[in-house]
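For reference, the chains in residue letters:
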Amino acid sequence: MSSSDIFIGETIGTAVLILLGGGVCAAVTLKRSKAQNAGWLAITFGWGFAVLTGAYLAGGVSGAHLNPAVTIGLAIEGGTEWSDVPLYLGSQLLGAMIGAVLVWLTYYGQFRAHLTDPEIVAAHTGEEGMVDKASAPKAGPVLGIFSTGPEIRHAVQNLVTEIIATVVLVLAILTQGLNNEGNGLGTLGALVTALVVVGIGLSLGGPTGYAINPVRDLGPRIVHALLPLPNKGGSDWGYAWIPVAGPLIGGAIAGGLYNVAFA
């Protein structure tokens with residue numbers, strides 16, 4: 001595939017992934033949203049359908065990596081040229097940022113209503129209008145719509161959780177349709193991947209919110225830091241390295257495991 005195929009497919013596919021995935025987080029979180037408080041099941045299935053849609057759109061154009069961890073795993077496995085890796089990663093980051101901006105535009109009124117609601121302001125902001133360090137020292141009240149965060153902040157555990165979850169994802173992708181002929185699953189692979197993402201969310205997502213994708217977290221976190229949201233609070237940059245490093249390490253481990261156990 002050409003460089004333009006990779007750029008177009010990964011940018012559009014990742015943008016749709018983040019639009020739908022971040023969109024379900026916004027729907028569940030924000031006041032004046034019809035889906036407010038729909039819960040964890042809505043989020044996990046929403047992200048699964050987001051993966052399904054993004055992968056289906058981009059599959060015939062760029063191969064629908066949509067995730068640097070997948071790209072790294074495929075490069076180690078041998079299915080992707082290392083020379084193409086920077087273009088994949090840059091396109092994915094751009095697409096993730098576009099998708100996050102689209103979530104903000106879609107829920108613009110709900111963001112303003114939520115962040116100016118007296119109850120939310122009283123719970124999360126101090127006298128200077130910034131997030132109160134006593135109640136939310138690192139993250140603003142809507143950061144969870146854009147990026148992930150741990151329930152218990154422990155760097156080693158959080159990193160290991162992201163590594164384990166990403167190994168499951170990337171290894172499941174690399175082994176799709178593995179048989180004596182070496183044929184894959186074609187477009188059916190998007191459905192399998194989506195179901196794997198739902199399973200990871202349900203089983204392994206509780207500790208950290210299962211980023212399992214560096215740009216899924218980093219791109220929207222950058223957008224959160226830049227958007228003119230009232231009382232938005234901090235972007236928790238102290239945690240931001242974990243959902244980047246963990247999935248990259250997990251993707252590399254999965255690629256190595258595939259070469260040892262399945263190649």
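Residues numbered from 1 in each chain as written. Predicted model: local features only at pLDDT ≥ 70, side-chain atom pairs only at ≥ 80, totals over all residues. Heavy atoms only, no water.

A.B. asks: Any chance you could break down a nonpolar patch on the surface for me, citing the residues and the numbers?
C.D. replies: On the surface, Phe7, Ile8, Ile12, Leu57, Val61, Leu94, Ile98, Val101, Leu102 and Leu105 cluster together to form a nonpolar patch covering roughly 780 Å² of accessible area. Top contributing element to the nonpolar patch by residue count: helix H4 (residues 85–106), with five residues. In this fold, Leu102 is placed in helix H4. (Patch = residues over 30% accessible without salt bridge, like charges linked within 9 Å, V, L, I, M, F, W, Y side chains within 5 Å. Areas by Shrake-Rupley, 256 points an atom, 1.4 Å probe, with all protein chains shown as cover. Salt bridge = Lys/Arg side-chain N within 4 Å of Asp/Glu carboxyl O. Helix = DSSP H or I, 4+ residues; strand = E, 2+ residues; numbered from the N terminus.)

A.B. asks: I'd like a description of helix H11 (residues 242–261), backed by residues and values.
C.D. replies: Since there are 3.6 residues in each turn of an α-helix, residues three or four apart along the chain are aligned in direction. Counted at 1.5 Å a residue, the expected span for H11 with its 20 residues is 28 Å, and the 27 Å between its end C-alpha atoms agrees. Burial in H11 covers these residues: Ile242, Pro243, Gly246, Pro247, Gly250, Gly251, Ala254, Gly255 and Tyr258. Of the surrounding elements, those touching the buried residues of H11 are helix H3 (68–77), helix H8 (155–174) and helix H10 (214–226). (Expected span 1.5 Å × (residues − 1). Buried < 20%, exposed > 50% of the residue type's maximum accessible area, 1.4 Å probe, protein only. Contact = heavy atoms within 4.5 Å.)

A.B. asks: Describe the confidence of the model for the protein chain, listing the residues and the values that go with them.
C.D. replies: For the protein chain, mean pLDDT is 91; residues scoring 70 or higher make up 90% of the total. The low-confidence segment residues 127–136 (pLDDT under 50) makes 19 contacts with residues lying over four places distant or belonging to another chain. (pLDDT = per-residue confidence, 0-100.)

A.B. asks: So what's going on with helix H2 (residues 40–62)? Which residues, and what values?
C.D. replies: In this model H2 runs 31 Å from its N-terminal to its C-terminal C-alpha over 23 residues, within 8% of the 33 Å that 1.5 Å per residue would give. When the local axis directions of H2 are compared, the greatest deviation, roughly 30 degrees, occurs at Tyr56. Residues Ile43, Thr44, Gly46, Trp47, Gly48, Ala50, Val51, Gly54, Ala55, Ala58 and Ser62 constitute the buried set of H2. For H2, the secondary structure elements touched by its buried residues are helix H1 (3–29), H4, helix H9 (188–204) and H10. Of the residues one or two after H2, Gly63 is the one with positive phi, at around 90 degrees. (Bend = angle between axes of the 7 residues up to and from the residue.)

A.B. asks: Outline the packing of H4 against helix H5 (residues 108–115), listing residues and values.
C.D. replies: Between H4 and H5, whose axes approach to 4 Å, the crossing angle comes to 75 degrees. By the criterion of interaxial angle, the relationship of H4 to H5 is roughly perpendicular. Contact residues: Val103, Trp104, Leu105 and Thr106 in H4; Tyr108, Gln110 and Phe111 in H5. The residue inventory of the contact of H4 with H5, partitioned by class, reads five nonpolar, two polar and no charged. (Axes fitted to C-alpha atoms, helices over the stretch in contact; angles between N-to-C directions. Parallel < 35°, antiparallel > 145°, perpendicular 65-115°, else oblique. Nonpolar A, V, L, I, M, F, W, Y, C, P; charged D, E, K, R; others polar.)

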